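A closer look at the structure
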Amino acid sequence: MKWRIVLLLFLLVFGFWRVKPVLAEEDCLSNPKDWPPLKLETCLTELAHLKALSEAATAPLESEIKNLGNRINALQAGINAAVAKQKKLEMEVADREEKVAEHYVLFGKKIRELYKSMRGSSLLVQLLSRVGAGRINREIEYQGTASDVDKQLIVGLSGEILSLETTKKNLEAQKIKLASLQETLNKQAEFYKGEVAKAKSYQQVLSSKIAQISAKQREILGQKLAGLNLPTSLGAGPLYCTDDRKLDPGFSPAYAFFTFGIPHRVGLDQYGAYGRAKVGQNYDQILRAYFNFDEFRDGVNATIKVNNSNGFDQGNIIWTGGLEDYVKRIYEMPGDWPSSALEAQAIAVRSYVLAATDNGNKSICANQYCQVFKTDPKGGAWEQAATSTAGKVMVSGGQIITAWYASTFGGYTFTNTDVWGGSQRSWTKRARDTDGEVTSFSDLMSKAYDKDSPCAYAAQGWRNQYGKSAWLRSEEVADIANVILLVRKDSSTRSHIYQPDKNNPEGTDTWDAGRVKQELKNRGIAAFESVSNVLISGVDWGTGLTTGINIIGNISENFDGREFKDFFNLRAPANIQIVGGLFNIEKK
């Protein structure tokens, strides 16, 4: 009965899949190449929802398949036991039949011997002899008793044979019944497995599309992020981040969203290496803090070609030389930093260029899109660090690793998949980059190894007015909150909630704050009219992610950290953005 109920439930849900994905196939399973950001977000949410439904529906089936497997195994054990017992009974029947046959032979022999004995002399003579008469009586009595015992034994053995035969027939019937039930359960299990396989295939399609849309979404947000002109590494020039806490926007209350670190947070944290070197760590300790690798390989060499483009194997070749000459011409870290930080950077530079160019088979660009290179050697302490580590690279699984690095991570490192998507590279890692435990923002700001970076804690973006700062008015924060509430209620409104101070990328009208509030009221949803406070309501200190935002005003609402960040970056004015997963709120 249970499997029928489960099957019915499955078919009902599976029927939903057969209807619901029609919309997804028309709208969300097509090519997202030219989709605007909000459509990407809508489809990402929709497909993730469908995938969750599919997984929830297949879970009881997978459990039932396991239960059926256990029942089938139990039946097989019963069949095996019946077969074994049947074989044992067959041997016992054969043994009993053999004994019956033996007793029949003995019984016949005794009868024949008595008959011969009685015929050996005249019966009349035996009867006339007192001795003979007594002997005859005793012999007849004895033979009669023996005969009865033999007959009883034969009858008993025959009865056992009949009983064993009956039991054997019952076992055969039981075995047939068990085999029939097993066949039925096997068919049920195979049906379930087939349906689960279909569901898994569907889930794989959704996962693939989710990955594709996520990649496109990251590309779009990455393009917007590029508008901030944040350096990817120290080699791009002096690191410059404004501390908006020192700027007066001219209004109050004012709110600014401060991010810990700047992109991309994968691999070696240059300011983190600086902080670790200051407390006495050597290059091995520094590199192992940021990479998972097996060992160093020494004496590596190659010919490196440098091009004048923004990528690999593009543009024109502007320099060619040996690996060590190339490393000496890299300008990625200040030359007056501690030697162990410079040595860690030199090994990372060497590993990166070899892995990224396939040991020099491809050319590499000379700017921060690859590694900042100049035709003149840098000299000084950098050249000493390059020389002292000459030929040394990091190796994982027998291969030189692509040793990414960036200026400032904000106390946490992430895997390449966390930041860029795609397949994970085993040498990248999630880790808290601090000297001790962290349970608060103040802990992080005092214990992060990269705390000396001006971008360790900063609000990103600005506008010409309000002191050229990233501070937002309370009504602007209320508007961002209202946008999220509106889209939660009606996802079809997404195309109208881009930045009011920029053109709508979907070619429709962008609703201002007043229109958004009115649309909420039209749908029976209370809107934020004002904001009196904004608080961080949740942080995952293990991985370094803000998980919750509480906005308080005429109403109060809690928002998921990622949800708030994504809509903030779409709605906030000018180029003001939250540029990482871990962020805090400052109020002035």
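All of these numbers come straight from a predicted model, not from anything done at the bench. (Residues numbered from 1 in each chain as written. Predicted model: local features only at pLDDT ≥ 70, side-chain atom pairs only at ≥ 80, totals over all residues. Heavy atoms only, no water.)

**A few points about the pairing of strand β17 (residues 583-587)**
- Of all 5 residues that make up β17, 4 are buried, and the element is covered over most of its length.
- Strand direction decides the pairing type here: strand β1 (residues 254-259) and β17, joined by 5 bridges, are antiparallel. If you follow Y255 over to β17, its bridge partner there is K587. (Buried < 20%, exposed > 50% of the residue type's maximum accessible area, 1.4 Å probe, protein only. Helix = DSSP H or I, 4+ residues; strand = E, 2+ residues; numbered from the N terminus. Pairing = 2+ DSSP bridges.)

**Points about the sheet that holds strand β8 (residues 399-400)**
- Strand order in the open sheet formed by 3 strands is β3-β7-β8, and the pairing between neighbours is antiparallel. Of all the strands in the sheet, the pair left with one neighbour each is β3 (295-297) and β8.
- Inspection of the sheet shows strand β7 (residues 393-396) paired to β8 by 2 bridges, in the antiparallel sense. By the bridge assignment, S396 is partnered in β8 with Q399.
- Those strands touched by helix α6 (residues 283-290) are β3 and β7, and its axis lies near 115 degrees from that of β3. (Contact = heavy atoms within 4.5 Å. Axes fitted to C-alpha atoms, helices over the stretch in contact; angles between N-to-C directions.)

**Looking at the environment of G397**
- Within the element layout of this structure, G397 appears in the loop between β7 and β8.
- Each C-alpha atom of the pair G397 and S426 lies 9.2 Å from the other, and the pair is 29 residues apart in sequence.

**Thoughts on the pairing of strand β14 (residues 531-540)**
- In the sheet, β14 pairs with strand β15 (residues 545-553) via 8 bridges, with the strands oriented antiparallel. Bridge pairing links I536 to I549 in β15.

**Concerning the state of the cysteines**
- Applying the stated rule across the entire model yields 2 disulfides.
- Here C241 engages in a disulfide with C455; their sulfurs sit 1.8 Å apart. Taking the sign of the S-S torsion, about 95 degrees here, the bridge from C241 to C455 comes out right-handed. Residue C241 is located in the loop between α4 (130-226) and β1, and its partner C455 is located in the loop between α11 (441-447) and β12 (458-459); the two are separated by 214 residues in the primary sequence. Each member of the pair, C241 as well as C455, is classed as buried. (Disulfide = S-S within 2.5 Å.)

**A short note on the sheet that holds strand β6 (residues 364-365)**
- The sheet built from 3 strands is open, its strands ordered β5-β4-β6 with mixed pairing. Two strands in the sheet have a free side with no partner beyond their single neighbour: β5 (317-322) and β6.
- As defined by bridge partners, strand β4 (residues 303-307) adjoins β5 across 5 bridges and the pair is classed as antiparallel. Pairing of V306 across the sheet is with W319, part of β5.

**A word on the confidence of the model for the chain**
- In this model, the chain carries an average pLDDT of 83, and 76% of its residues clear a pLDDT of 70 or more.
- Here residues 1-25 scores under 50 on pLDDT; set against residues more than four positions off or in separate chains, the count is 38 contacts.
- Low pLDDT, under 50, characterises residues 122-128; the stretch is placed with 8 contacts to residues that sit more than four places away or in other chains. (pLDDT = per-residue confidence, 0-100.)

**Some details on the packing of aromatic side chains**
- Applying the stated criterion to the full structure yields 20 aromatic pairs.
- Ring centres 6.5 Å apart and planes at 80 degrees place the aromatic pair Y290 and F409 in the edge-to-face group. You can see Y290 sitting in helix α6 and its partner F409 sitting in the loop between β9 (405-406) and β10 (412-413), a full 119 residues away along the chain.
- Judged by centre distance (5.5 Å) and plane angle (15 degrees), the ring pair of Y326 and F373 falls under stacked. Residue Y326 is found in helix α7 (residues 323-327), and its partner F373 is found in the loop between β6 and α9 (380-388); the two are separated by 47 residues along the sequence.
- Its relative accessible area of 0% is what places Y326 among the buried residues.
- Among the aromatic residues, ring-to-ring pairing joins F258, F260, F441, Y457 and W541 into one connected group.
- Directly above the aromatic system of F293 lies the positively charged group of R288, at a separation of 4.1 Å from the ring centroid.
- The ring of Y331 has K374 sitting right over it, with the charged end atom 4.6 Å from the ring centre. (Phe/Tyr/Trp six-rings, centres within 6.5 Å; stacked < 30°, edge-to-face > 60°. Lys NZ or Arg CZ within 6 Å of the ring centre and 35° of its normal.)

**A word on the side chain of T389**
- In this structure, T389 sits in the loop between α9 and β7.
- There is a polar contact of 2.9 Å between the side chain of T389 and the backbone oxygen of A385. (Polar contact = N/O pair within 3.5 Å; in protein donor to acceptor, adjacent residues only side chain to side chain.)

**Here's the deal with unusual backbone geometry**
- Here the bond from S252 into P253 is cis, since omega is 0 degrees, no more than 30 degrees from zero.
- Note on placement: P253 falls in the loop between α4 and β1.
- The backbone of D313 shows a phi angle near 55 degrees, a positive value even though the residue is not glycine.
- For D313, the location among the structural elements is in the loop between β4 and β5.

**Some thoughts on the pattern of salt bridges**
- According to the stated counting rule, one finds 19 salt bridges in the structure shown.
- Linking D243 and R245 is a salt bridge whose minimum nitrogen-to-oxygen distance equals 2.9 Å.
- A salt bridge links K278 to D452, with the nearest nitrogen and oxygen atoms 2.9 Å apart. Here the residue K278 occupies a position in helix α5 (residues 270-278), and D452 occupies one in the loop between α11 and β12, the gap between them amounting to 174 residues.
- The exposure class of D452 is partly exposed, given its relative accessible area of 38%.
- Where salt bridges share partners, they join D490, R515, E519 and R523 into one cluster. (Salt bridge = Lys/Arg side-chain N within 4 Å of Asp/Glu carboxyl O.)

**So, helix α12 (residues 474-489)**
- The end-to-end C-alpha separation of α12 is 23 Å, in line with the 22 Å expected for 16 residues at 1.5 Å each.
- Within α12, 13 of the 16 residues are buried, which leaves the element mostly enclosed by the surrounding structure. (Expected span 1.5 Å × (residues − 1).)

**Some details on the nonpolar core**
- With 60 residues, the main nonpolar core has F291, Y326, L354 and M394 as its most contacted residues.
- Elements with a minimum of two residues in this core: α5, α6, β4, α7, α8 (339-356), β6, α9 and β7.
- For this core, the element with the highest residue contribution is α8, accounting for 11 residues.
- When neighbours within four sequence positions are excluded, F291 is seen to be in contact with G267, L268, M394, I401, A403, W404, W427 and K429.
- The next biggest cluster of nonpolar side chains, apart from the first, holds 48 residues, and it includes Y412, W471, L472 and A527. (Core = buried A, V, L, I, M, F, W, Y, C linked by side-chain atoms within 4.5 Å.)

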